[in-house]
Amino acid sequence: MSTTGAPVMMEAVLAGRSTGYLANRGMILLNLNLAISLISSYATGYDGSMMNGLQTLDTWNAFFHTPSASTLALLNAIQNVGQLVALPFCAIACDRFGRRATLLFGAFIMLTGTVLQGSAQNNGMFIAARGLLGFGLAFNITAAPLLILELAFPTQRAPLVSIYNALWSLGAIAAAWITYGTFRLTNDNGWRIPSYLQGLSSVVQLISCFFIVESPRWLVDRGQEEKAKEIIIKYHTNGNPDDYMVLIELEEIKEALRLEKEALATTSYLSFFKTKGNRRRFFIILAVGLFSQWSGNGLISYYLTLVLDSIGYKSEASQNLINGLLSIWGLITTVFFSLLVNKFGRRTMFLTSTIGMMVTFIIWTALEATYEKATDLTGRGSPAVGKSVLAMIVLYNTFFSVGWGPLQVTYVVEILPYHLRARGLVLYNLFVALALIFNQYANPIAMTNIKWRYYIVYDVWLFVELVVVYYLFVETRGASLEETAAILDGQSIQEQLIEGVARATEHESKVPFPVNEKAEGGSKVEARTVKE
């Protein structure tokens, strides 16, 4: 377990300042702009829920000849295979061409894939379309959270990136209710319409392309400091070029980039193994990527139909209705906890989430075993037990929304320094894709063959997750983006960052500037007056 006291440079600058989402015209324009990137998560959530919904449609099953468990696994997993193919190029694109260009490139490829998916004439075309969709999605969901994190107002970064991840549920809701509405259609439009509408987020982003603003951090790194300054002035200080926050933000970015370049002459994926802080970052990213998908949530996301079949809910209408209601509940709870990420520590939320998931999943396993054993003996399980399983699924989803729902992307990107941020997010997406591919192949086969006993695997794994989170994860709440990334590099790096920014702003007279000084029992924050 490790918690490090974060520096508070930005806190001093923000003291007494109105920081609400609608605080001024600049803030409103900024958040409207960020909303364009926020909807990238829609397509990811839409996919799992749509595939859940399509499996309940008689027209889809008839068109694709009632896919076997292995074929069904391929139809689901191929989207993640497409992501895997794209991932090696995502960080290069984000760092070389910018977050904005990469976001739009991904949106274009995704739109092409959804059009082909909706117009598929056979299994092969449907599989190829989903692979192409996954290829574009990798670029899109790598660039979007980076752009949100690096462009958002300092106090709003964590909530907005958390909301980004929470909007996975928005896509899930859309897909669930669209398929619930189209299942009554007796022709192929019942599954083609949901397939086409997966491209809605891409259409919105491509239409809005001229309004999307580039990351100030990327601009500074590419030598375009004046453009970065203009963006900070327009959106962060409501058009006031004399606001001291402009200078602090710019100098903090520049100093952080300087320290990174000094520490690592060249940046590559091998950089994650060159320092103690980076090695810990790598293992945190690995844990978040795998745990976010291997916590049992994959059963609900892609194979809810099989779960519901096993507890007696077999009708097309009831399965689509439950899928839709679970998606709405997921959105409400995840957005709610996203708005609380600055109120509670990251570790507290992750630990609460993991403990709650583990307890509810153990109860879910026991109830599932009871229902299936009764079915094997008498041919019919208890409806009361089936309803209890449903209750546990809802409760499990609620606990997932406490920490893993809103924080997984937020936590990954905020612990990373700028030059490793795109690569770190690519690694996260890689681990997520690998976990999903495993889930999508293993889950349907294991649920079909060993039934409730498969749930025990997740019971044990959730305990492993709890131990890892407790000992590996660090606390990052309450610091600026550059300060947060420095937490894992130790106290000396944090102090260098503060001192470097202080030196760069010495021409400003009598401005309180926070400095960490080592004191007995820990770290003490004092204000220093910077003199000419």
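Residues numbered from 1 in each chain as written. Predicted model: local features only at pLDDT ≥ 70, side-chain atom pairs only at ≥ 80, totals over all residues. Heavy atoms only, no water.

(A) Structural detail: the overall build of the chain. Per the secondary structure count, the chain includes 24 helices and four strands. Looking at the 532 residues of the chain, the share that counts as buried comes to 59%. Residue pairs at least 24 apart in sequence account for 81% of intrachain contacts in the chain once pairs closer than 6 positions are excluded. Of the accessible surface of the chain, which amounts to about 20400 Å², a share of 65% is contributed by carbon and sulfur atoms. (Helix = DSSP H or I, 4+ residues; strand = E, 2+ residues; numbered from the N terminus. Buried < 20%, exposed > 50% of the residue type's maximum accessible area, 1.4 Å probe, protein only. Contact = heavy atoms within 4.5 Å. Areas by Shrake-Rupley, 256 points an atom, 1.4 Å probe, with all protein chains shown as cover.)

(B) Representation of the packing of helix 16 (residues 297–310) against helix 21 (residues 418–449) in the model. Orientation of helix 16 relative to helix 21, taken along the N-to-C sense of each, is 25 degrees, at an axis distance of 10 Å. Relative to helix 21, the element helix 16 lies roughly parallel. Between helix 16 and helix 21 lies a crossing whose hand is right-handed. Where helix 16 abuts helix 21, its residues G298, L299, Y302, Y303, L306 and V307 lie against L436, N439, Q440, N443, P444 and M447. (Axes fitted to C-alpha atoms, helices over the stretch in contact; angles between N-to-C directions. Parallel < 35°, antiparallel > 145°, perpendicular 65-115°, else oblique. Left-handed = near helix turned anticlockwise from the far one by under 90°.)

(C) Expanded view of unusual backbone geometry. Positive phi, normally seen in glycine, also occurs at T66, with a value near 45 degrees. Assignment of secondary structure puts T66 in the loop between helix 4 (58–63) and helix 5 (69–97). In this structure T66 comes out as exposed when scored by relative accessible area, which is 56%.

(D) Region of interest: the confidence of the model for the chain. Mean pLDDT over the chain stands at 84; residues scoring 70 or higher make up 86%. For the chain, strand 4 (residues 522–530) is the element with the lowest average pLDDT, namely 36, and helix 6 (residues 99–118) is the one with the highest, namely 96. Here residues 509–532 is modelled with pLDDT under 50, and outside its nearest four sequence neighbours on either side it reaches 56 contacts, counting other chains as well. (pLDDT = per-residue confidence, 0-100.)

(E) The arrangement of a nonpolar patch on the surface in detail. Together, Y21, L22, I28, L29, L32 and L339 line one region of the surface with nonpolar side chains, adding up to about 560 Å² of accessible area. Among the structural elements, L29 can be located in helix 2 (residues 25–38). (Patch = residues over 30% accessible without salt bridge, like charges linked within 9 Å, V, L, I, M, F, W, Y side chains within 5 Å. Salt bridge = Lys/Arg side-chain N within 4 Å of Asp/Glu carboxyl O.)

(F) Geometry of the pattern of salt bridges. Summed over all chains, the structure comprises nine salt bridges. Here E150 and R99 are joined by a salt bridge, their closest N and O atoms 2.9 Å apart. In this pair, E150 is assigned in helix 7 (residues 123–151) and R99 in helix 6, connecting sequence segments 51 residues apart. Across this residue pair, the class does not change: E150 and R99 are buried. The partner of E249 in a salt bridge is R157, with the nearest N and O atoms 3.6 Å apart.

(G) Representation of the packing of helix 15 (residues 276–291) against helix 20 (residues 404–414). Close contact between helix 15 and helix 20 brings their axes to 10 Å; oriented N to C, the two are set at 150 degrees. Overall, the two elements helix 15 and helix 20 adopt an arrangement that is roughly antiparallel. Crossing hand, helix 15 versus helix 20: left-handed. Residues I284, I285, V288 and F291 of helix 15 pack against W404, Q408, Y411 and V412 of helix 20. Residues that form the contact of helix 15 with helix 20 fall into these classes: seven nonpolar, one polar and no charged. (Nonpolar A, V, L, I, M, F, W, Y, C, P; charged D, E, K, R; others polar.)

(H) View of helix 7. Here helix 7 contains 29 residues, and its C-alpha end-to-end distance of 42 Å stays within 8% of the 42 Å for a straight helix at 1.5 Å per residue. The buried fraction of helix 7 amounts to 23 of the 29 residues, a majority that puts the element mostly inside the structure. If you check the start of helix 7, you find a side-chain oxygen 3.2 Å away from the backbone N of G124, and it comes from N122. (Expected span 1.5 Å × (residues − 1). Polar contact = N/O pair within 3.5 Å; in protein donor to acceptor, adjacent residues only side chain to side chain.)

(I) Quick peek at the environment of A62. Structurally, A62 is set in helix 4. Residues A62 and D188, spaced 126 residues apart in sequence, show a C-alpha to C-alpha distance of 9.4 Å.

(J) Geometry of the side chain of T56. For T56, the position within the fold is in the loop between helix 3 (40–54) and helix 4. A polar atom in the side chain of T56 sits 2.6 Å from the backbone oxygen of G53. For T56, the residues in contact, after removing those within four places along its chain, are N61, T305, E316, Q319 and N320.

(K) View of the environment of N61. Residue placement: N61 occurs in helix 4. Considering only alpha carbons, one finds N61 and W191, 130 residues apart in sequence, at a separation of 9.7 Å. Excluding residues that lie within four positions of it along the chain, N61 makes contacts with L54, Q55, T56, T66 and P67.

(L) Representation of the nonpolar core within the structure. Within the largest apolar cluster, 140 residues are counted, with the highest numbers of intra-cluster contacts made by W60, F126, W364, W404 and F473. Ranked by residues supplied to this core, first place goes to helix 21 with 14 residues. Looking at which domains feed residues into this core, each of domain 1 (20–214) and domain 2 (272–505) supplies at least three. Contact partners of W364, with chain neighbours within four places excluded, come to I300, V307, V389, M392, I393, Y396 and Y455. (Core = buried A, V, L, I, M, F, W, Y, C linked by side-chain atoms within 4.5 Å. Domains from an automatic or database assignment.)

(M) Structural detail: the side chain of Q293. Among the structural elements, Q293 can be located in the loop between helix 15 and helix 16. Side chain to side chain, Q293 and S292 meet in a polar contact 3.3 Å long. Apart from the residues lying within four places of it in its own chain, the contact partners of Q293 are G298, Q408, V432, A435, L436 and N439.

(N) Spotlight on the packing of aromatic side chains. What the rule picks out here adds up to 33 aromatic pairs. Measuring from centroid to centroid gives 5.1 Å for F63 and W191, while their planes differ by 50 degrees, and the two rings are tilted. In this pair, F63 is assigned in helix 4 and W191 in helix 10 (residues 189–196), connecting sequence segments 128 residues apart. By relative accessible area, W191 is classed as buried at 0%. Here F282 and F283 contribute two aromatic rings whose centre-to-centre distance is 5.4 Å and whose plane-to-plane angle is 80 degrees, an arrangement assigned as edge-to-face. Taking the relative accessible area as the measure of exposure, F283 reaches 43% and is therefore partly exposed. Each member of the aromatic cluster is reached from another via a ring pair, and the members are F291, W294, F350, W404, Y411, F438, W461 and F473. Taking NZ or CZ as reference, R423 lies 5.8 Å from the ring centre of Y269, over its face. (Phe/Tyr/Trp six-rings, centres within 6.5 Å; stacked < 30°, edge-to-face > 60°. Lys NZ or Arg CZ within 6 Å of the ring centre and 35° of its normal.)

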